[in-house]
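Below, each chain spelled out in residue letters.
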Amino acid sequence: MDSVTQSYFENLEAKDKNLQFEAFNAINAAIKEEVDWAYEVWDQLKEWLTDKDNHRRSRGAQFLVGLAKSDPEKRIVGDFSAVWEVTKDPKFVTARHSLQSIWQVGLAGKEQKEIVLNHIEDRFRNGAHEKNYTLIRFDMIQGLKKLYDELKEEEIKQLALDLIGVEEDIKYRKKYMTVWK
């Protein structure tokens, strides 16, 4: 890892919130593409998933899903359940940020995509008991749209449309459909 990227990881712990935010954005920008330093931070990020600090939990999840495309060993397959747990974090903002980024795992390969699709489908169909489930459902539909936009695979679009069809409340069904127009 180059010294600039290393400094971004260090600045995530800075007292200055602006410096933290700048570092967060710089890391996110870097991991939009494949990087060669994923495994240098992987274990640390995995530890963050259960940290007492919700910012670390959120960052750990968001960075790991972004690094999935830089993971030739497919570690994300074994670590996915730990990342998915953060999408159910007691702190809703942490859960939501994690859920909004989870789709990126699907960019890493067929196996990774299937894991994401299966988890989203199961939660959409069986998560109506969750607090804020309409927002959670919206985030999952948006994630499917982002994944579709990247991969252009009809099975992703069909899954999203099938899930939208499951929504009984016409108001929310219409809201979810706006994502696909």
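Provided above is the structure to which this section pertains.
Residues numbered from 1 in each chain as written. Predicted model: local features only at pLDDT ≥ 70, side-chain atom pairs only at ≥ 80, totals over all residues. Heavy atoms only, no water.

Trainee: Account for helix α5 (residues 75-86), naming residues and giving values.
Mentor: Taking 1.5 Å per residue as the helical rise, α5 with its 12 residues ought to reach 16 Å, and the 17 Å between its terminal C-alpha atoms agrees with that figure. Turning to α5, the residues buried within the fold contact α3 (38-48), α4 (54-67), α6 (92-101) and α7 (110-126). (Helix = DSSP H or I, 4+ residues; strand = E, 2+ residues; numbered from the N terminus. Expected span 1.5 Å × (residues − 1). Contact = heavy atoms within 4.5 Å.)

Trainee: Report on the nonpolar core, specifying residues and quantitative values.
Mentor: Leu67, Ile141 and Leu144 are the most contacted members of the largest nonpolar core, which has 49 residues in total. Broken down by secondary-structure element, the contributors of at least two residues to this core are α2 (17-30), α3, α4, α5, α7, α8 (133-151) and α9 (154-166). Sorting elements by how many residues they give to this core places α8 first, with seven residues. Excluding residues within four positions of it along the chain, Leu67 makes contact with Ile31, Val35, Trp37, Ala38, Val41, Trp42 and Leu45. (Core = buried A, V, L, I, M, F, W, Y, C linked by side-chain atoms within 4.5 Å. Buried < 20%, exposed > 50% of the residue type's maximum accessible area, 1.4 Å probe, protein only.)

Trainee: Could you give an account of α3, naming the residues involved and the relevant values?
Mentor: All of the buried residues along α3 are Ala38, Val41, Trp42, Leu45 and Trp48. For α3, the buried positions fall inside an angular range of 135° around the axis, keeping them on one side. Those residues of α3 that are buried are in contact with α1 (3-11), α4 and α5. (Arc of directions from axis to C-beta.)

Trainee: Go over the layout of surface pockets, please, and point to the residues and values.
Mentor: What the largest pocket holds in volume is close to 360 Å³. Asn28, Lys32, Ser101, Trp103 and Gln104 are the residues nearest the centre of the largest pocket, which is lined by 15 residues in total. Looking at the lining of the largest pocket, the elements that each hand over two or more residues are α2, α4, α6 and α8. Broken down by element, the residue count for the lining of the largest pocket peaks at three residues, all from α6. Counted by class, the lining of the largest pocket contains four nonpolar, seven polar and four charged residues. With five residues, the single largest contributor to the lining of the second largest pocket is α4. Within the lining of the second largest pocket, the residues separate by chemical class into three nonpolar, seven polar and two charged. (1 Å grid on protein atoms, 1.4 Å probe; cavity = no way out; pocket = protein on both sides within 12 Å on 5 of 7 lines; lining within 4 Å. Points joined across faces, edges and corners; volume = space filled by probe spheres on them. Nonpolar A, V, L, I, M, F, W, Y, C, P; charged D, E, K, R; others polar.)

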